[in-house]
Structure formats: structure tokens, C-alpha cells
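# Structure at a glance
So you can see what is in the structure, the chains are spelled out below.
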Amino acid sequence: MDGWVAWLNDSPKPPPTRITLTYPVLNHSLRVAFVSTGEGKQEIMKEVLDNPNPKEGLPSSRVRPISPGRVFFFSDDAALK
């Protein structure tokens, strides 16, 4: 994907219509933050943290900012149990 922003009309999760930043934008960011809350995120957080391989992992695993960029995860206790 070459653009900065992608448009979705049929996202599998709400909201169905949204825009999102593309990997080239995220990977040229100085800081990227992911926020997860609640028990419903436990499996996702385990996968993201235990399998950071960008070829096999979740889309968030493909966010790899160029140096000196950094990725931060902010989660509540319920999401990390």
C-alpha cells in the first residue's frame, strides 16, 4: 500500500466504515501507541507480545518504526491476565 491513509467500507469490526494510517506512515513515526482494555483483549495481547514476528503475527506486529522510533502498548490489568 503506497498511500498514507486507507479507507475501509466493510471492516469486520465496528465501525464498518473507517480510515486507518498505513504501515509506511506508522513505520516512519517517532512513537506509535496501541491501547487495549478489558478481558476481551487477553488473547490478542498474548499473541502480540509472545509472537512479534511480522510475517506470522497480527497486523500490529508489522508496525516497526525506523530508529529512533518506538512502539508502546498501554493496557489495563484485565487485558493482560
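Here the residue numbering is sequential within each chain, running from 1 through the sequence in written order. Totals for whole chains, interfaces and linings use every residue, but because this is a predicted model, local features are given only for residues with pLDDT of at least 70 and side-chain atom pairs only at 80 or more, for both listing and counting. Neither water nor hydrogens contribute to the side-chain values; these are computed over all heavy atoms in the structure.

## So, the packing of aromatic side chains
Operational definition: Working definition: a ring pair exists when centres of Phe, Tyr or Trp rings (six-membered ring for Trp) sit within 6.5 Å. Plane angles under 30 degrees give stacked, over 60 give edge-to-face, the rest tilted. In this description a helix means any DSSP run of H or I spanning at least four residues, a strand means any run of E spanning at least two, and both kinds are numbered starting from the N terminus. Burial classification: accessible surface area is computed with a 1.4 Å probe over protein chains only, and a residue below 20% of its type maximum counts as buried, one above 50% as exposed, and the rest as partly exposed.
Going through the model one piece at a time under the given rule, you end up with 2 aromatic pairs. Consider the rings of Phe34 and Phe73, whose centres lie 5.2 Å apart with planes at 15°: the pair is stacked. Of this pair, Phe34 sits in strand β3 (residues 31–36) while Phe73 sits in strand β4 (residues 70–75), and the two are 39 residues apart along the sequence. For Phe34, a relative accessible area of 24% corresponds to the partly exposed category. Between the aromatic rings of Phe72 and Phe74, the centroid separation amounts to 6.4 Å while the plane-to-plane angle is 25°, which identifies the pairing as stacked. Among the residues examined, Phe72 registers a relative accessible area of 27% and is labelled partly exposed.

## Focus on a nonpolar patch on the surface
Stated formally: Only residues whose relative accessible area exceeds 30% and that take part in no salt bridge are eligible for patches, with like-charged residues grouped when within 9 Å of each other and nonpolar side chains (Val, Leu, Ile, Met, Phe, Trp, Tyr) grouped when within 5 Å. For the accessible areas, the method is Shrake-Rupley and the probe is 1.4 Å, while residue cover comes only from the protein chains on display. Any Lys or Arg side-chain nitrogen located within 4 Å of an Asp or Glu carboxyl oxygen qualifies as a salt bridge.
Together, Trp4, Val5, Trp7, Ile19 and Leu21 make up a nonpolar patch on the protein surface, roughly 640 Å² of accessible area in all. Put simply, the parts of the chain that give the nonpolar patch at least two residues each are β1 (5–8) and β2 (18–21). Turning to its location among the elements, Leu21 is positioned in strand β2. Leu21 gets classed as partly exposed once you look at its relative accessible area, which sits at 47%.

## Observations concerning unusual backbone geometry
Here the amide bond leading from Pro14 into Pro15 is cis, since omega sits at -10°, within 30 degrees of zero. As for its position among the elements, Pro15 is in the loop between β1 and β2.

## Overview of the environment of Ser60
Within the secondary structure layout, Ser60 lies in the loop between α2 (42–50) and β4. Relative accessible area serves as the criterion here: at 16%, Ser60 is assigned to the buried category. C-alpha of Ser60 to C-alpha of Val71: the two residues are 11 residues apart in sequence and 9.8 Å apart in space.

These figures come from the coordinates and say nothing about function on their own.
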